[in-house]
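# Chains, contacts and geometry: an overview
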Amino acid sequence: MSDLTAEQIKTELAITTLEAQPKTLEEQREEIRTRLHINRQLLEHKLLNSGDKHFPRSATMRFLSNQSTRHVLHRFAGAALSFQAFKSIRYGFSLFQFARSAFSAFKATRNVVKAKEGKPTEQI
């Protein structure tokens, strides 16, 4: 974020709103982009600087924007992802075991057929 204070951002927003409406479509787009950029900077400033105790207004957003809450949520997400990775590895190992036992059963069946035909069989 650039080093703009809340007052500078509010002043910049007021200046852009007081200007006459641009006539071309490209000028209107540029003005909207500028306003959006200024609004994003203002929101970022309000969220990151905890000097204003009334922003964000909802208790849920205050809870989620708290630094310690974010730390706990990151740890929880990491634990959930590692649990999913563990499950994936376990399923992969189970699939490997299944394929290995299926191949062994195939070899055993093939040996039974060969024995009936009188051909030499492989050792399992």
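Residues numbered from 1 in each chain as written. Predicted model: local features only at pLDDT ≥ 70, side-chain atom pairs only at ≥ 80, totals over all residues. Heavy atoms only, no water.

## A few points about the overall build of the protein
- A tally of helices and strands in the protein yields four helices and zero strands.
- In the protein, the succession of helices and strands from N to C terminus is α-α-α-α.
- Each of the 124 residues in the protein was classed as buried or not, and the buried ones make up 10%.
- Looking at the protein alone, contacts between residues at least 24 apart form 30% of all its contacts between residues at least 6 apart.
- Put simply, the protein shows about 10500 Å² of open surface, and 63% of that area lies on carbon and sulfur atoms. (Helix = DSSP H or I, 4+ residues; strand = E, 2+ residues; numbered from the N terminus. Buried < 20%, exposed > 50% of the residue type's maximum accessible area, 1.4 Å probe, protein only. Contact = heavy atoms within 4.5 Å. Areas by Shrake-Rupley, 256 points an atom, 1.4 Å probe, with all protein chains shown as cover.)

## Quick notes on helix H2 (residues 25-48)
- Here H2 spans 34 Å end to end across 24 residues, near enough to the 34 Å set by a 1.5 Å rise per residue.
- The complete set of buried residues in H2 reads Glu31, Ile38, Gln41, Leu42 and His45. (Expected span 1.5 Å × (residues − 1).)

## A short note on the pattern of salt bridges
- By the definition in use, this model includes four salt bridges.
- The salt bridge involving Glu26 is made with Arg29; its shortest N-O contact spans 3.5 Å. With Glu26 and Arg29 both in helix H2 and three residues apart, the pair spans about one turn of that helix.
- Arg33 is the salt-bridge partner of Glu30, the closest N and O atoms lying 3.6 Å from each other. Here Glu30 and its partner Arg33 are both found in helix H2, three residues apart, which amounts to about one turn of the helix.
- Taken together, the salt bridges that share partners define one network made up of Glu26, Arg29, Glu30 and Arg33. (Salt bridge = Lys/Arg side-chain N within 4 Å of Asp/Glu carboxyl O.)

## Overview of the confidence of the model for the protein
- For the protein, per-residue confidence averages 76 on the pLDDT scale, and 76% of positions sit at 70 or higher.
- Per-element mean pLDDT across the protein ranges from 66 in helix H1 (residues 6-18) up to 87 in H2. (pLDDT = per-residue confidence, 0-100.)

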